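# Inside the fold
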Amino acid sequence: QVQLVESGGGLVQPGGSLRLSCAASGSIYGFNPVGWYRQAPGKQRELVAGFTTGGNTNYPDSAKGRFTISRDNAKNTVYLQMNSLKPEDTAVYYCNIVLNRGYGSTSTEWGQGIQVTVSS
């Protein structure tokens, strides 16, 4: 059994910061974060921060300079540091991770989603 647990969301004022965490637990033999996505009401899910196959990071223009994705392989955890938050960042945020389940098997898992609300 594998579980992804997200934490760190909540209500923040414009200009504020939040740090999201996504921790994987269970029978895991490898941990490869794809990225963080978000979905606002009435909109499609979009990537806000990701890792390339080469291990570099990539961000859409909307997040560049404000969001930072990082990982701790020892803890099977991926983070999203969000600074200078804007009301338009309000959405449910999801982590996406590829897990090595052993015996040549992998699975792509999504976090349960966590609400981030930016409002005064």
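Look above for the structure.
Presented here is a report on the structure given in the accompanying data block. (Residues numbered from 1 in each chain as written. Predicted model: local features only at pLDDT ≥ 70, side-chain atom pairs only at ≥ 80, totals over all residues. Heavy atoms only, no water.)

## Description of the overall build of the chain
The condition is simple: The helix and strand labels rest on DSSP assignments: H or I over at least four residues marks a helix, E over at least two residues marks a strand, and numbering proceeds from the N terminus. It is over C-alpha atoms that the radius of gyration is taken, and the globule rule equals 2.2 Å times the number of residues to the power 0.38. Relative accessibility decides the category of a residue: with a 1.4 Å probe and only protein chains considered, values under 20% of the type maximum give buried, values over 50% give exposed, and everything between is partly exposed. Residue contacts follow a heavy-atom distance rule, with two residues in contact if any of their heavy atoms lie within 4.5 Å.
When helices and strands are tallied, the chain shows 0 helices and 11 strands. Written out in order from the N terminus, the α and β elements of the chain read β-β-β-β-β-β-β-β-β-β-β. Against the 2.2 N^0.38 benchmark of 14 Å for 120 residues, the chain shows a C-alpha radius of gyration of 14 Å, consistent with a compact globule. In terms of overall dimensions, the chain has a C-alpha envelope of 50 × 30 × 25 Å along the principal axes. Looking at the 120 residues of the chain, the share that counts as buried comes to 41%. The long-range share in the chain, meaning contacts at least 24 apart out of those at least 6 apart in sequence, stands at 55%.

## Comments concerning the pairing of strand 9 (residues 91–102)
Stated precisely, the cut-off is as follows: Here, a strand pair is defined by DSSP locating no fewer than two bridges between the strands.
With 9 bridges joining them, strand 4 (residues 30–39) and strand 9 adopt antiparallel strand pairing. Bridge assignment links Trp-36 to a residue of strand 9, and that residue is Cys-95. Of the pairings in the sheet, the one linking strand 9 to strand 11 (residues 114–118) comprises 3 bridges and is antiparallel in character. If you follow Val-92 over to strand 11, its bridge partner there is Gln-115. Pairing analysis gives 6 bridges linking strand 9 to strand 10 (residues 105–110), with the strands arranged antiparallel. Note that in strand 10 the partner of Leu-99 across the bridge is Ser-107. As consecutive antiparallel partners, strand 9 and strand 10 are separated by 2 residues, and within that stretch Tyr-103 has a phi angle of approximately 55 degrees, a positive value.

## Some remarks on the packing of aromatic side chains
Two aromatic rings, taken as a pair, are described by how far apart their centres are and by the angle between their planes. Definition in use: Stacked, edge-to-face and tilted are the three classes for Phe, Tyr and Trp ring pairs, Trp counted by its six-membered ring, which pair at centre distances within 6.5 Å; planes under 30 degrees apart are stacked, over 60 edge-to-face, the rest tilted.
Within the structure shown, the criterion is met by 2 aromatic pairs. A centroid spacing of 5.1 Å and a plane angle of 65 degrees characterise the contact between Tyr-37 and Trp-110, whose relative ring orientation is edge-to-face. Taken together, the positions of Tyr-37 in strand 4 and Trp-110 in strand 10 put the pair 73 residues apart, joining distant regions of the chain. For Tyr-37, a relative accessible area of 19% corresponds to the buried category.

## Quick notes on the pattern of salt bridges
What counts here: The rule for a salt bridge is simple: a side-chain nitrogen of Lys or Arg has to be within 4 Å of a carboxyl oxygen of Asp or Glu.
Counted under the stated rule, the structure contains 5 salt bridges. Two residues, Lys-64 and Asp-61, come together in a salt bridge whose shortest N-O distance is 3.3 Å. When salt bridges with common partners are traced through the structure, they connect Arg-38, Glu-46, Arg-66 and Asp-89 into a single cluster.

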